[in-house]
Amino acid sequence: MNRSTKKTNDGLAILDAITGQDPRLQTLIEEEAENLRIAKSIYELRTKAGLSQNDLAKRIGTTQSVISRLEDADYEGHSLVMLRRVAAALHNRIELHWVPLRRKPVMA
């Protein structure tokens, strides 16, 4: 092993090293990271409020399975309307921030 190789445990840095400059892979990784952040924040807000998935579902007029999907990092169907309903039921609101892309978007 080359002793000058810098080691890291930063997951995004590791993924960048693996994907190199492939813009499609980089875009996919960024989308998945955003899905994870959304799912994690819903889970954290719900558990902080002391609610089960079923409790939250009842508050917003849906089913436990819908809440389960929203808290799944692989779920890609988050709608702003549903996120607002969840936020309101948990005494929060959604704030939307527009930020520049790290890379140019790749059109499929």
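One structure accompanies this document, and this report is about it. Per-chain numbering applies: the sequence of each chain, read as written, is numbered from 1 onward. Totals for whole chains, interfaces and linings use every residue, but because this is a predicted model, local features are given only for residues with pLDDT of at least 70 and side-chain atom pairs only at 80 or more, for both listing and counting. Each side-chain value is worked out from all heavy atoms of the structure, with water and hydrogens disregarded.

## Some details on the overall build of the protein
Labels follow the DSSP assignment, with helices taken as runs of H or I lasting at least four residues and strands as runs of E lasting at least two, numbered in each case from the N terminus. Helices and strands together make up the secondary structure of the protein, namely five helices and zero strands. When the helices and strands of the protein are placed in sequence order, the string is α-α-α-α-α. When each of the 108 residues of the protein is scored for burial, the buried share is 21%. Should any heavy atoms of two residues lie within 4.5 Å, those residues are counted as being in contact. Taking the contacts inside the protein whose residues are at least 6 apart along the sequence as the reference set, 54% of them involve residues at least 24 apart. As presented, the protein carries roughly 8,400 Å² of accessible surface, and 56% of it is formed by carbon and sulfur atoms. Here the term buried applies to any residue with accessible area under 20% of the maximum for its type, exposed to any over 50%, and partly exposed to those in between, with areas from a 1.4 Å probe on protein chains only. Per-residue and other accessible areas follow the Shrake-Rupley method at a 1.4 Å probe size, with only the shown protein chains counted as cover for residues.

## Describing unusual backbone geometry
Here the phi dihedral of His91 falls at roughly 60°; this positive angle occurs in a residue that is not glycine. If you trace the backbone, His91 turns up in the segment after helix H5 (80-89). Judged by relative accessible area, His91 falls into the exposed class, the value being 72%.

## Quick look at the packing of helix H3 (residues 53-60) against H5
Where H3 contacts H5, the two axes come as close as 9 Å, and the packing angle between them is 110°. Judged by the inter-axis angle, H3 sits roughly perpendicular to H5. Facing H3, whose interface residues are Leu56, Arg59 and Ile60, H5 presents Met82, Arg85, Val86 and Ala89. Across the contact of H3 with H5, the residue classes tally to five nonpolar, no polar and two charged. Simply put, an axis is a line fit to the C-alpha atoms, just over the touching stretch for a helix, and the angle between two N-to-C directions goes from 0 to 180 degrees. An angle counts as roughly parallel when it lies under 35 degrees, as roughly antiparallel when it exceeds 145, as roughly perpendicular when it falls between 65 and 115, and as oblique in every other case. Amino acids outside the nonpolar list (Ala, Val, Leu, Ile, Met, Phe, Trp, Tyr, Cys, Pro) and the charged list (Asp, Glu, Lys, Arg) are all regarded as polar, and Gly is one of them.

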